[in-house]
Amino acid sequence: MRLQVNPHSSIPLYAQIVEQMRNQILSGTIQAGTPLPSVREISEMIEVNSLTIQKALKILEVEKFIVIRRGVGAFVSESINSLNQNQKEELLKPGLINIVSHARELGVDQERFHVLVEECWSAQ
Amino acid sequence: MIEVNNLTLFGKSHNLRLDIPALKFYSPGITALVGHNGAGKSSLLRLMSGLEKSNTGLVSYLGKDIFKDFESLKEKIHLISWNLELYQGLTTKDHLKLIKSVSKNWSVEIENALLKDLSVPPDKRIDKLSRGEQVRFRLLLSLPRKPMVILLDEVTNELDTDSRRIIFKKLDSYSYDTGAQVVVATNMIEDIERYATDIILLKKGKVILQGALDNIKEEHKTNFEEIIRIYERKDLQL
């Protein structure tokens, strides 16, 4: 698991953590069943408040990305990797819709948008 | 939980130093008390610690008047401030021994964990300690007594990043483990962004912004520094 937060961002820390962990679980970077470090360990590692980590983990639990077993710890949910391609794509949609509407607001047309996506895709 | 109700405090020349209708501190968590010099941060912390009496209104801890019940609450509420002196002539070892001998519920477990992580010089005269060492030493004197409220009056401001990180990590883990409430008067934006769960912004004795940092960011859709700038610029609507 790799977390890199930016405390100076307008996005709350818990949301940054949820986003990054969600992505790493979906992409398989963190595999199903993997035990996660404890709240305190993650807090120590990225130097942010423990309650922020706890909040992020609770959200991931509600979204069924992780399972929290009392007294044992948190694990990446076993059912996540069984998501098929369609389901993974569904998960991308809310973010895409945001970006598309943002592009429209800024007057970026469909053709230019595709070019931008291509550019970002190959830059990563 | 600490609650502030209808609080006013006047200065020597009858100027209004604090005017706070209502304020609640939820535990656990770290609340950052922010504001310019003279905004009333230190005054508020002194009132919350029971060392000073307000002119009107009440500061209470679990329903008890903090000023009236000072004797029974002083073990529960700790203020760490440069205005409260340690015994300068003692060594850290002797000072620790002294505080241990007068503390009823000293936790050796917390003490040992702190000794391991705080890297306080084990036997050095108090007046020879650096500022950072002094603050870390004060935590060593405070946390093993298991306070439920810890108030820090701008003691972290001039310290280097490493020292501040060690201190905030300890405050965070202590609060998380015990449910204690930490209130830190500070203007260090980076510490607040990393470690504060809640914010109180004071201006000329009044609370002009209060809430969970996450909610405040989501509401304003911008970063903390910019939010502070917006509020500091606003004229108070009285």
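Not measured: the values here are computed from a predicted model. (Residues numbered from 1 in each chain as written. Chains lettered and ligands numbered in written order. Predicted model: local features only at pLDDT ≥ 70, side-chain atom pairs only at ≥ 80, totals over all residues.)

1. Considering the overall build of chain B
What chain B contains, in helices and strands, is nine helices and 10 strands. Since a compact globule built from 238 residues should have a radius of gyration of about 18 Å, the 18 Å found for chain B is in line with a globular shape. Counting only C-alpha atoms and orienting by the principal axes, one finds that chain B spans roughly 55 × 40 × 30 Å. For chain B, with 238 residues in total, the buried portion stands at 40%. In chain B, the proportion of contacts linking residues at least 24 apart, taken out of those at least 6 apart, comes to 71%. (Helix = DSSP H or I, 4+ residues; strand = E, 2+ residues; numbered from the N terminus. Rg over C-alpha atoms; globule rule 2.2 N^0.38 Å. Buried ≥ 20, exposed ≤ 12 C-beta atoms within 10 Å, placed from the backbone. Contact = placed C-beta atoms within 7 Å.)

2. Things to note about the overall build of chain A
Secondary structure summary: chain A contains five helices and two strands in total. The N-to-C order of helical and strand elements in chain A reads α-α-α-β-β-α-α. On the principal axes, the C-alpha backbone points of chain A span a range of 50 × 35 × 25 Å. The burial tally for chain A puts 23% of its 124 residues in the buried class. Long-range contacts, defined as pairs at least 24 residues apart, comprise 55% of the intrachain contacts of chain A with a sequence gap of at least 6.

3. Concerning the interface of chain B and chain A
At the interface, 19 residues of chain B touch 14 residues of chain A. For the side of chain B that touches chain A, a count of residues per class yields four nonpolar, five polar and 10 charged. (Nonpolar A, V, L, I, M, F, W, Y, C, P; charged D, E, K, R; others polar.)

4. Quick notes on the domain arrangement of chain A
Looking at the assigned domains, one finds that chain A contains domain 1 (13-80) and domain 2 (84-123). Measuring from the centre of the C-alpha atoms in domain 1 of chain A to the corresponding centre in domain 2 of chain A gives 26 Å. (Domains from an automatic or database assignment.)

5. A word on unusual backbone geometry
Residue and element names in this part refer to chain B. Notably, Asn6 is not glycine yet its phi reads approximately 45 degrees, a positive angle. Looking at where Asn6 falls in the secondary structure, it is placed in strand β1 (residues 2-10). At Lys204, a position not held by glycine, the phi torsion is positive, near 45 degrees. Tracing the sequence through the fold places Lys204 in the loop between β9 (198-203) and β10 (206-212).

6. Overview of the sheet that holds strand β7 (residues 149-153) of chain B
Residues and elements named next belong to chain B. In spatial order, the strands read β6-β7-β8-β3-β9-β10; together these six strands make up an open sheet with mixed pairing. Edge strands, defined here as strands with exactly one partner in the open sheet, are β6 (77-81) and β10. Neighbour to neighbour, the strand axes of the sheet diverge by 15 degrees on average, direction disregarded. Note that strand β3 (residues 29-34) and β9 share four bridges and pair parallel. In the sheet register, Leu33 faces β9, and the bridge partner there is Ile200. (Pairing = 2+ DSSP bridges. Axes fitted to C-alpha atoms, helices over the stretch in contact; angles between N-to-C directions.)

7. What about the pairing of β1 of chain B?
Residue and element names in this part refer to chain B. The pairing of β1 with strand β2 (residues 16-25) spans eight bridges and is antiparallel. Across the sheet, the residue bridging to Glu3 is Lys24, located in β2. Here β1 folds back onto β2 in antiparallel fashion, the turn holding five residues, of which His14 has a positive phi close to 60 degrees. As judged from the five bridges shared by β1 and strand β4 (residues 56-61), these two strands associate in the antiparallel manner. Within β4, the residue paired with Thr8 across the bridge is Thr56.

8. Thoughts on the sheet that holds strand β5 (residues 64-65) of chain B
Residues and elements named next belong to chain B. Strand order across the open sheet formed by four strands is β2-β1-β4-β5, with antiparallel pairing between neighbours. The outermost strands of the open sheet, each flanked by one partner alone, are β2 and β5. Docked against the sheet, helix α1 (residues 41-49) engages β1, β2 and β4, running at close to 125 degrees with respect to β1.

9. Overview of the confidence of the model for chain A
Considering every residue of chain A, the mean pLDDT works out to 91; 98% of them sit at 70 or more. Per-residue pLDDT, averaged within each element of chain A, yields its smallest value for helix α4 (residues 85-105) of chain A (87) and its largest for helix α3 (residues 50-62) of chain A (97). (pLDDT = per-residue confidence, 0-100.)

10. Quick word on the nonpolar core
If you look at soluble globular proteins, the nonpolar side chains tend to sit buried side by side. Leu33 and Leu151 of chain B are the most contacted members of the largest nonpolar core, which has 80 residues in total. What Leu33 of chain B contacts, discounting residues up to four positions off in sequence, is Lys41, Leu44, Val183, Val184, Ala185, Ile200 and Leu202 of chain B. (Core = buried A, V, L, I, M, F, W, Y, C linked by C-beta atoms within 7 Å.)

11. Describing helix α5 (residues 131-142) of chain B
Residues and elements named next belong to chain B. An ideal rise of 1.5 Å per residue puts 16 Å on 12 residues; α5 measures up with 17 Å between its terminal C-alpha atoms. Within α5, burial applies to Gly132, Val135, Arg136, Phe137, Arg138, Leu139, Leu140 and Leu141. Tucked inside the fold, the buried residues of α5 contact β6, α3 (92-102), α4 (108-118) and α6 (161-178). (Expected span 1.5 Å × (residues − 1).)

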